[in-house]
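# A structural walkthrough
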Amino acid sequence: MQREKEKICMFVLEESVPILERQLSSHLESAFHRKIELTKMEINLDFAYHPKRGQYNSSDILARLRMMKNKECERLLTVVDVDLYVPELNFVFGEADSQNGVAVISTRRLGEEFYGLPGNPQIFLDRVIKEAVHELGHTYGLPHCPDPRCVMHFSNSLKDTDFKGSSFCDACQKKLELLSR
Ligand SMILES: [Zn+2]
Ligand SMILES: [Zn+2]
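Now for a quick tour of the structure.

Analysis parameters
Residues numbered from 1 in each chain as written. Chains lettered and ligands numbered in written order. Predicted model: local features only at pLDDT ≥ 70, side-chain atom pairs only at ≥ 80, totals over all residues. Heavy atoms only, no water. Helix = DSSP H or I, 4+ residues; strand = E, 2+ residues; numbered from the N terminus. Buried < 20%, exposed > 50% of the residue type's maximum accessible area, 1.4 Å probe, protein only. Polar contact = N/O pair within 3.5 Å; in protein donor to acceptor, adjacent residues only side chain to side chain. Contact = heavy atoms within 4.5 Å. Donors = N, O, S within 2.8 Å, 3.2 Å for Na, K, Ca; no water. Tetrahedral: all angles 85-135°; square planar, octahedral: opposite > 155°, others 65-115°. Disulfide = S-S within 2.5 Å.

Moving on, we get to the side chain of Ser106. Position of Ser106 among the secondary structure elements: in strand E8 (residues 102-106). Classification of Ser106 by relative accessible area gives buried; the value is 3%. Only 2.7 Å separates the side chain of Ser106 from the backbone oxygen of Val82, close enough to count as a polar contact. For Ser106, the contacting residues outside a window of four places in its chain are Val80, Asp81, Val82, Asp83, Leu84 and Phe93.

Here it is in structure tokens:
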């Protein structure tokens, strides 16, 4: 059941490709039973840049997204292409702020090219979808899941991401239904 007024807003980069937008939107729509409102925009992320690390602090980006979140958006997901970190870790694929309903994911490390391998658009797309569902799942209050096939399983590396599916296990699905009511 879809409630019109509850929508997930999504910011993507200007240069983002239509196939990614379409597939990501339709996947998120069926995973969360919400309308997806997509906006193409260039966010200047200089404020989050750490010159020594050459990376962007994802928690700083979340703080900015909180201010940009429109009241009509139940959740806000932003897809960026810069390398993200949190101080305790070398990098993160994404981060979520469940209190405020905002999340960010980075495509930077999701392409085979990043690892010196030939590009594979399908693998890339699958990874983007999994990371997006995962972080949005956190915004609805879902914790990490011990089931390695569940999308809410923690990805320490892309091996974990590739192993898991893009959907919730039965337990997480039930929890999500209660949490997102
Ligand atoms: Zn997580
Ligand atoms: Zn699960």
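Attention now moves to the coordination of the zinc ion (ligand 2). Each protein donor to the zinc ion (ligand 2) is listed here as Cys145 (SG), Cys150 (SG), Cys169 (SG) and Cys172 (SG); together their distances run 2.3 Å. For the zinc ion (ligand 2), the four donor atoms are set out with angles of 106 to 112° between them, so the coordination reads as tetrahedral. Counting the intervening residues between successive donors of the zinc ion (ligand 2) yields the motif C-x4-C-x18-C-x2-C. Separated by 24 residues along the polypeptide, Cys145 in the loop between helix H3 (121-139) and helix H4 (158-163) and Cys169 in the loop between H4 and helix H5 (170-179) bring together distant segments of the chain. Neither residue differs from the other here; Cys145 and Cys169 are each classed as buried.

Applying the stated rule across the entire model yields one disulfide. Between Cys9 and Cys73 runs a disulfide, and the two sulfur atoms are separated by 1.9 Å. Measuring the twist about the S-S bond at about -80°, one finds the Cys9-Cys73 disulfide to be left-handed. A residue pair is termed long-range when its members are at least 10 positions apart, and Cys9 in strand E1 (residues 7-12) and Cys73 in strand E5 (residues 73-80) qualify at 64 residues. Assessed through its relative accessible area of 2%, Cys9 is described here as buried. Taking the relative accessible area as the measure of exposure, Cys73 reaches 8% and is therefore buried.

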